[in-house]
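So you can see what is in the structure, the chains are spelled out below.
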Amino acid sequence: MANLDVTLHYSGINFPGHLHSEQSMRFAEEFKFHETDTLIVTYPKSGTTWMQEILTLIYSDGNQTPAKTIPNWIRTPWIEHYYCEDILQDKLDHRIITTHLPYHMLSKSLKQSNAKVIYIARNPMDIIVSFYHFHKIANFLPEPGTFEEFLENFLLGEVHFGSWFEHIKDWLSHREEFNFLFITYEELKKDLQYSVKKICNFLERPLLPETIDTIVQHCNFTNMKDNQMTNYTLVPNEIMDHRRGKFMRKGTVGDWKEHFTDEQKQRFEKMFQDKMSDCNIQFTWTL
Ligand code: A3P
C-alpha cells in the first residue's frame, strides 16, 4: 500500500497521506452539499464510527442489512478522503457524510446549504488515551512515543488532524450558522435510547419504538466490536496492525484514569483552562 509514510500538510494541519491529497482536500472545500445531507463532524476518537452506525440504521429505518454488508467508510464516507468523490457521485438523497476537518475548511461550502450537521464531542482526556492506542496500530500515523510524549504533542496541537481545542472551539462557536446538533460520546453512553430519539428528532425521522430498540441493540459496543463492517478488521495488517491492538478497544468513559498521572492531569487541566477560557459551553464528561 502506497503513501503510508507520507504526511499531507494542508491548511496548517498534518493528515495521513494515504487517504488525503491536495485534490481530495480541494474537493472537500468546494463540495456542494445537498439539503438532505447529514454531516458527522468529529475530532478523531470522539465516537465517529458509533454515530456513522446510528445514522445508517436511522436512515434504513432499522434495516440492519446495509450496516452488516457495507463497510462504514463506504456508506458514510469522509468527505476529505480521496475515494469520496467516486462514492458520492451516484447518491442523491440522504447522504451520510463524515469529516474530521476543522470549521474553516468546510464553512464556505456548508453555509451555502441547509445540510444537517451533527458534532460529537468526547472527554479530551479519553480521546488522548484512545488516540494514543490507535497510533500504535495505525501504520499511517507517526509512532506515538511514550504516553507522556504523545500527551505533550496533543496539548500543543502537534498531532495529525491538528488541535482538539481549536477543532471544538471553532465548530461550536459557529454552530448558529448551521442546522446543528451538538451531542457527546458520554450522552450516547449514558442513555443510547434517549440519544437515538434525540437524533431522530433532529433529523425529522420519527421511528417506531421497536425500531429504536433495534438500533440501540445493533449499536451497542459488543455488537459493533463483532461487526466486520465497523471494527476495521477488513483493513489489512499492513495498514492497521490488528495484532497490536483493536480499533474497538474499550468503549468506556473515564479510561483516562488508568493512564494519567496526577502531574499529567494537572498539566492537562491547566491547558484546558487556558485554551477554553473563551468558550462558554459547560461540558459534562461524566456519566
Ligand atoms: P476507545 O479507544 O476508548 O475504546 P472514532 O470512531 O471516532 O475513531 O472513535 C473510536 C472510539 O469509539 C474507540 O474508543 C471505540 O472503542 C469507541 N466506540 C466505537 N463504537 C462504540 C460503541 N458502540 N460504544 C462505545 N464506544 C464505541
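Look above for the structure.
Description of the structure in this document. Everything numeric in this text was worked out from a predicted model, so none of it was measured.

A few points about the site of the ligand
- Thr-48, Thr-49, Ser-130, Tyr-185 and Lys-250 are the nearest of the 18 residues found near the ligand.
- For the ligand, an oxygen atom lies 2.5 Å from a polar atom in the side chain of Thr-49.
- Expressed as a share of its isolated accessible area of 570 Å², the protein-covered part of the ligand is 98%.
- Here the shell around the ligand takes three residues from helix 2 (residues 48-59), the largest share from any one element.
- Its residues assigned to classes, the shell around the ligand shows seven nonpolar, seven polar and four charged.

What about the packing of aromatic side chains?
- By the definition in use, this model includes 30 aromatic pairs.
- Pairing Tyr-43 with Phe-154 gives two aromatic rings, centres 5.9 Å apart and planes at 80°, and the pair type is edge-to-face. Residue Tyr-43 is found in the loop between strand 3 (38-42) and helix 2, and its partner Phe-154 is found in helix 8 (residues 147-155); the two are separated by 111 residues along the sequence.
- Relative accessible area serves as the criterion here: at 0%, Tyr-43 is assigned to the buried category.
- Seen from the ring of Phe-134, Lys-45 lies directly overhead, with NZ or CZ sitting 3.8 Å from the centre.
- One residue, Arg-122, lies across the ring of Tyr-185, its end atom 3.9 Å from the ring centre.

Notes on the packing of helix 7 (residues 124-137) against helix 8
- Between helix 7 and helix 8, the least distance of the axes is 10 Å, while the angle of their chain directions is 120°. Considering the relative orientation of helix 7 and helix 8, their crossing is right-handed. Residues Ile-127, Ile-128, Val-129, Phe-131, Tyr-132 and His-135 of helix 7 form the contact with helix 8, whose participating residues are Phe-147, Phe-150, Leu-151 and Phe-154.
- Grouping the amino acids of the contact of helix 7 with helix 8 by side-chain chemistry returns nine nonpolar, one polar and no charged.

As for helix 12 (residues 209-218)
- Those residues of helix 12 that sit buried are Thr-211, Ile-212, Ile-215, Val-216 and His-218. Looking down the long axis of helix 12, one finds its buried residues gathered within 165° of arc, a one-sided arrangement.
- As for helix 12, its buried residues are in contact with helix 2, helix 3 (65-69), helix 11 (192-203) and helix 13 (221-226).

A look at the sheet that holds strand 6 (residues 179-184)
- Taken in spatial order, the four strands of this open sheet run 4-3-5-6, and their pairing is parallel. Each having just a single partner strand, strand 4 (96-99) and strand 6 make up the two edges of the open sheet. Neighbour-to-neighbour, the strand axes of this sheet turn through a mean angle of 20°, independent of strand direction.
- Pairing geometry for strand 5 (residues 116-121) and strand 6, over six bridges, is parallel.

Focus: the pattern of salt bridges
- For the coordinates displayed, the defined rule picks out 14 salt bridges.
- For Lys-111, the salt bridge goes to Glu-177, with nearest N and O atoms at 3.7 Å. In this pair, Lys-111 sits in helix 6 (residues 103-111) while Glu-177 sits in the loop between helix 9 (164-173) and strand 6, placing the two residues 66 residues apart along the sequence.
- Residue Lys-111 is classed as partly exposed on the basis of its relative accessible area of 46%.

A closer look at the environment of Arg-122
- By the element assignment, Arg-122 lies in the loop between strand 5 and helix 7.
- Given the relative accessible area of 6%, Arg-122 is considered buried.
- It is 22 Å that separates the C-alpha atoms of Arg-122 and Pro-16, two residues lying 106 residues apart in sequence.
- Engagement of the side chain of Arg-122 in a polar contact is seen with the backbone oxygen of Lys-45, the distance being 3.0 Å.

What about the packing of helix 2 against helix 11?
- It is the contact of helix 2 with helix 11, at a shortest axis distance of 11 Å, that shows an interaxial angle of 60°. What the angle tells us is that helix 2 and helix 11 run oblique. Read as a crossing pair, helix 2 and helix 11 show a hand that is right-handed. Here Trp-50, Met-51, Ile-54, Leu-55, Ile-58 and Tyr-59 of helix 2 come into contact with helix 11, specifically with Leu-192, Val-196, Ile-199, Cys-200 and Leu-203.
- By residue class, the composition of the contact of helix 2 with helix 11 is 11 nonpolar, no polar and no charged.

Criteria and cut-off values
Residues numbered from 1 in each chain as written. Predicted model: local features only at pLDDT ≥ 70, side-chain atom pairs only at ≥ 80, totals over all residues. Heavy atoms only, no water. Near = heavy atom within 4 Å. Polar contact = N/O pair within 3.5 Å; in protein donor to acceptor, adjacent residues only side chain to side chain. Areas by Shrake-Rupley, 256 points an atom, 1.4 Å probe, with all protein chains shown as cover. Helix = DSSP H or I, 4+ residues; strand = E, 2+ residues; numbered from the N terminus. Nonpolar A, V, L, I, M, F, W, Y, C, P; charged D, E, K, R; others polar. Phe/Tyr/Trp six-rings, centres within 6.5 Å; stacked < 30°, edge-to-face > 60°. Buried < 20%, exposed > 50% of the residue type's maximum accessible area, 1.4 Å probe, protein only. Lys NZ or Arg CZ within 6 Å of the ring centre and 35° of its normal. Axes fitted to C-alpha atoms, helices over the stretch in contact; angles between N-to-C directions. Left-handed = near helix turned anticlockwise from the far one by under 90°. Contact = heavy atoms within 4.5 Å. Arc of directions from axis to C-beta. Pairing = 2+ DSSP bridges. Salt bridge = Lys/Arg side-chain N within 4 Å of Asp/Glu carboxyl O. Parallel < 35°, antiparallel > 145°, perpendicular 65-115°, else oblique.

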